Amino acid sequence: MVNDILEIKNMSYSADGKNILSDISFSVPRGGFLTIIGPNGAGKSTLLKCAGGLLPCSGEVFVEGRGIKGMSERERAKYIAWVHQGGSDRLPLTVRRFASLSRYPWRPVLAGESEEDRRIVGEAIARAGIEDLAERTLSSLSGGERQRALLAAALAQGTDILFLDEPTSYLDYRQQVEVMKLIERINTEGMTVLMVTHDINHALHASREILALKDGKAVWRGAADSLPVASVLAEIFETGFQFFRGDGQKRPYAAPAGFVS
Amino acid sequence: MMNKKFPLLVLFSLAVLFFAPFIGAHSISFSDVIGGGAGSRILLNLRMPRVLLGWLSGATLAICGLIFQALFRNPLASPDMLGVSMGAAFGAVLYIRLGVAFSLFGVIPGISLAAFAGAFAAIMALYAAGNIRRGGLSLSSLLLAGVALNFLFGSINMIIQYSGGYTDTFRMMRWAMGGLQTVGFAPALAALPGLVIIFLTGWLTGPQLDLFICGEELAQSRGVSVTTLRRVLFLTVSFVVGISVALCGPIGFVGLMCPHICRRIMGGGHRELTVCCALFGGAFLTACDVASRTLWAPAELPVGIITSCLGSVFFLYLLVTGEK
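Conventions adopted
Residues numbered from 1 in each chain as written. Chains lettered and ligands numbered in written order. Predicted model: local features only at pLDDT ≥ 70, side-chain atom pairs only at ≥ 80, totals over all residues. Helix = DSSP H or I, 4+ residues; strand = E, 2+ residues; numbered from the N terminus. Rg over C-alpha atoms; globule rule 2.2 N^0.38 Å. Buried ≥ 20, exposed ≤ 12 C-beta atoms within 10 Å, placed from the backbone. Pairing = 2+ DSSP bridges. Right-handed = clockwise from strand over helix to strand, strands pointing away. Contact = placed C-beta atoms within 7 Å. Nonpolar A, V, L, I, M, F, W, Y, C, P; charged D, E, K, R; others polar. Axes fitted to C-alpha atoms, helices over the stretch in contact; angles between N-to-C directions.

Moving on, we get to the overall build of chain A. Along chain A, the regular secondary structure elements total eight helices and 12 strands. Rg of the C-alpha trace for chain A: 19 Å, near the compact-globule value of 18 Å for 261 residues, within the 12% margin. Considering only C-alpha atoms, chain A reaches an extent of 55 × 40 × 40 Å along its principal axes. Looking at chain A residue by residue over its 261 residues, the buried ones come to 44%.

Okay, here's the thing in structure tokens:
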């Protein structure tokens, strides 16, 4: 068994003559949780899309030791599930129906939803703790409920790797906590997570590893609790930060210095 | 899982298909059919081929509309919006203006062949426009390019009509209103492959369309090859619409309305909706044709007038109610 479930080598991407990503390499161990942080325009979401094969980039991506460039979309979807940013708030589908669509890569072309599909979808909804929302439409849910529904759909895809693109955007604080707790639990249960976020505190406290990006280049990468927060955050965000530590907590909370009186 | 209303829809569609041939300016009873008189000949040579052509074309256009609305993620998209109908009209008006007359094997009229050639030219022009830029046009740009092409062909058609004589112009206008007048089963047989192709396309790509309406990135991440899907669906729908317009002229709004009605009444995924659209679209156009034959009997209204009349009101309803 390959130890690094996900490996990215020398990834670069340019669009309209501009380099968006430059020679980025990293790997994520099985069951790992790596968060990509950086300011707007650093290339975080682009990196996620390149790593997931949604954008054609130079460089190599290996999942379970297999290059994804030679894979069909269907095959790739058996390895990586996604929760995308936005776009699902107006869908008139029920949570259960939306989650059942995630079974597509596993179904033969002519087949419909099988008993096994229904079982897996039911389990995914239960794992996300939203059984009571299963027959509600996505458009009728609050932001936090919808994110949990999207996570349930991603779980129903039956992959070992989960890509999250800004999963807590537009959520209030309570909803952010609920969603991040669920993501941590999913990771603890064995799912490998690669997340993009602009929220440094979520990166510091939920993930095991951090990759800091600036202008499409990797500035720092390592274990979340060894991040030299002051220097790295100041470098990538170009502003000072202040740090607070709860009782007995190893990792600090960061706040932009300008906001702290 | 099939909706409980599905058997009713099957029954409705079959009932329309069965009874429509008996209704018209000359009413035909079952005893006429058994007797083998004039009624029987009208039924066999005129009414049945016409009803069959109407049913097949309605089913085809409704599935095409369903696929286009999903592909463009736009409830107002319909198969005649991409310039294919106007391209077909270009072929037809040119055929009439040039005064040529030929047919394929003596059964498919030359005007249908010319209309199909025009539709094919429009498809190729749009496809080329969509591929000039690296990475292709976005779907919304492709839709706008189709609308532009519609206007371009429309203006060329008007020039040709303007330069023509009174009789030619009248024929051109009548053709543009759409109609199902036919003698014999050849046009219906020619329409059948189009329905088979689009039905299989809708049924096979149904699960992919279910994902596609959730967003291209989401569909791609769930295993759908969106570039291939877009290309295949665009070309298939355009080709099939070309066949339909060539045989019946441009019959508007069937492709716009029927998918909405099926979604509201039946619901379900695109695989189920493909079946429902075939049944409902076929019955709808056949019923509209019966209305066109009987409302002003013994004269006939072109069926395109009936469908466009109903469709325009429905279109306004969609806009006003903000249907998503």
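From this point, the discussion proceeds with the structure in view.
Residue and element names in this part refer to chain A. The buried count for strand 8 (residues 192-196) comes to five of five residues, which makes it a mostly enclosed element. Residues Thr-192, Leu-194 and Val-196 of strand 8 are buried on one face, and the alternating residues Val-193 and Met-195, pointing to the opposite face, are buried as well. Both strand 3 (residues 33-37) and strand 8 contribute to a ladder of four bridges, which runs parallel. In the sheet register, Thr-35 faces strand 8, and the bridge partner there is Met-195. Sheet topology note: the strand 7 (residues 161-165)/strand 8 ladder contains five bridges and is parallel. Counterpart to Leu-162 in the pairing with strand 8 is Val-193. Considered for its hand, the β-α-β crossover made up of strand 7, helix 6 (residues 173-188) and strand 8 is right-handed.

Facing 15 residues of chain B, the contacting portion of chain A comprises 18 residues. Only helix 8 (186-212) and helix 9 (216-221) of chain B provide two or more residues apiece to the side of chain B that touches chain A. Here the side of chain B that touches chain A is composed, by residue class, of six nonpolar, five polar and four charged.

Moving on to the sheet that holds strand 10 (residues 217-223) of chain A. Residue and element names in this part refer to chain A. One open sheet accounts for six strands, arranged 6-7-8-3-9-10; its pairing is mixed. Looking along the sheet, the strands with just one partner apiece sit at the ends: strand 6 (80-83) and strand 10. Strand-to-strand twist in this sheet, taken as the mean axis angle between neighbours without regard to direction, amounts to 15°. Of the strand pairs in this sheet, strand 3 and strand 9 (residues 209-214) are connected by four bridges, and their pairing is parallel. Within strand 9, the position partnered with Ile-36 by the bridge is Leu-211. With respect to the sheet, helix 1 (residues 44-51) is in contact with strand 3, strand 7, strand 8 and strand 9, its orientation differing from that of strand 8 by roughly 145°.

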